[in-house]
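Chain by chain, the residues run as shown.
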Amino acid sequence: MAEEDRQQIRGIMRGLDRMTARAVIKITLDVTANLIEDPNQGSVTGTPIDTGWARNNWVPRIGAPFEGTVGDPGSADGSQQSAGQAQVLGYRVAQGKVFVSNNVPYIERLNEGSSPMQAAGFVQRAIRKAVMEDFAP
């Protein structure tokens, strides 16, 4: 294979890496945004809000899920969420997987529909909405 062909292939691969990284960034940020929408304002993807603790514990991270929780019950500290979003903006494919996690002890119950504020499956709807809006024809 000629050097010119190799350079062309490398250029195509770099372009694919950039496109993939942009798609991962967009989906990750959109999923996070969907999950923190206010269900009181009609969002079908937002986390139910009582104290704001669950809502503010959706933390995006590169490489491994965020461990622990942000603040404590009754806390609406979104600092880790903001830091995670900033980290994701610099994502590159070589960095591996991207996660959006929430470790409050009752997040599964909320997603199962324990709150009258939001129907069961809001996490899945948040993901579906991001993917469909970002990639639907």
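Structure first, text after, so check above.
Residues numbered from 1 in each chain as written. Predicted model: local features only at pLDDT ≥ 70, side-chain atom pairs only at ≥ 80, totals over all residues. Heavy atoms only, no water.

## Let's talk about the overall build of the protein
Item 1. Scanning the protein for helices and strands turns up 4 helices and 2 strands.
Item 2. Computed over the C-alpha atoms, the radius of gyration of the protein is 18 Å, more than 25% above the 14 Å expected from 2.2 N^0.38 for a compact globule of 137 residues.
Item 3. Dimensions of the protein along its principal axes, counting C-alpha atoms only, are 65 × 35 × 20 Å.
Item 4. When the 137 residues of the protein are sorted by exposure, 35% land in the buried category.
Item 5. The long-range fraction of contacts in the protein, counting pairs at least 24 apart against all pairs at least 6 apart in sequence, stands at 64%.
Item 6. When the accessible surface of the protein is split by element, carbon and sulfur atoms take 55% of a total near 8000 Å².
Item 7. Treating the 14 positive side-chain charges of the protein as one cloud and the 15 negative ones as another, the clouds have centres 5 Å apart. (Helix = DSSP H or I, 4+ residues; strand = E, 2+ residues; numbered from the N terminus. Rg over C-alpha atoms; globule rule 2.2 N^0.38 Å. Buried < 20%, exposed > 50% of the residue type's maximum accessible area, 1.4 Å probe, protein only. Contact = heavy atoms within 4.5 Å. Areas by Shrake-Rupley, 256 points an atom, 1.4 Å probe, with all protein chains shown as cover. Lys, Arg positive; Asp, Glu negative; His and termini not counted. Charge placed at Lys NZ, Arg CZ, Asp CG, Glu CD.)

## What to know about the nonpolar core
Item 1. Counting residues in hydrophobic clusters, the biggest one holds 12 residues: V31, L35, W53, A54, W58, V104, I107, L110, F122, V123, A126 and A130.
Item 2. For this core, the elements supplying multiple residues, two or more each, are α1 (3–35), α3 (107–111) and α4 (122–135).
Item 3. Looking at which element gives the most residues to this core, the answer is α4, with 4 residues.
Item 4. In contact with V123, other than residues within four places in its own chain, are L35, W58 and N111.
Item 5. By size, the runner-up hydrophobic cluster in this structure holds 5 residues, among which are A21, I25, I62 and V88. (Core = buried A, V, L, I, M, F, W, Y, C linked by side-chain atoms within 4.5 Å.)

## A few points about the packing of α1 against helix α2 (residues 79–89)
Item 1. Where α1 meets α2, the closest approach of the two axes is 9 Å, and the angle between their N-to-C directions is 165 degrees. By the angle between their axes, α1 is roughly antiparallel relative to α2. As for how α1 packs across α2, the hand of that crossing is left-handed. Packed against α1, whose contacting residues are I25, T28, L29 and T32, the element α2 presents Q81, Q85, V88 and L89 at the interface.
Item 2. When grouped by side-chain class, the residues that make up the contact of α1 with α2 number 4 nonpolar, 4 polar and no charged. (Axes fitted to C-alpha atoms, helices over the stretch in contact; angles between N-to-C directions. Parallel < 35°, antiparallel > 145°, perpendicular 65-115°, else oblique. Left-handed = near helix turned anticlockwise from the far one by under 90°. Nonpolar A, V, L, I, M, F, W, Y, C, P; charged D, E, K, R; others polar.)

## Here's the deal with the packing of aromatic side chains
Item 1. Scanning all chains against the criterion turns up 1 aromatic pair.
Item 2. Here the aromatic rings of W53 and Y106 are separated by 6.0 Å at their centres, their planes lie at 50 degrees, and the arrangement is tilted. Pair noted here: W53 is in the loop between α1 and β1 (59–62) and Y106 is in the loop between β2 (98–101) and α3, with a separation of 53 residues, a long-range link. (Phe/Tyr/Trp six-rings, centres within 6.5 Å; stacked < 30°, edge-to-face > 60°.)

## As for α1
Item 1. The terminal C-alpha atoms of α1, which comprises 33 residues, lie 48 Å apart, in line with the 48 Å expected from a rise of 1.5 Å per residue.
Item 2. For α1, every residue scored as buried is listed here: G15, A21, I25, T28, D30, V31, T32, N34 and L35.
Item 3. Summarising the contacts, the buried residues of α1 are in contact with β1, α2, β2 and α4. (Expected span 1.5 Å × (residues − 1).)

## Some thoughts on the pairing of β1
Item 1. On β1, burial covers both faces: V59 and R61 on one face and P60 and I62 on the other are all buried.
Item 2. Across 4 bridges, β1 lies against β2 in antiparallel orientation. Note that in β2 the partner of I62 across the bridge is V98. (Pairing = 2+ DSSP bridges.)

## Brief notes about the side chain of T47
Item 1. With respect to the element layout, T47 can be found in the loop between α1 and β1.
Item 2. For T47, a relative accessible area of 0% corresponds to the buried category.
Item 3. Within polar-contact distance, the side chain of T47 engages the backbone oxygen of L35 at 2.8 Å.
Item 4. T47 has contacts with L35, E37, P39, A54, R55, W58, I107, L110 and F122, leaving out every residue within four places of it along the chain. (Polar contact = N/O pair within 3.5 Å; in protein donor to acceptor, adjacent residues only side chain to side chain.)

In short, shape yes, function no, at least from these values alone.
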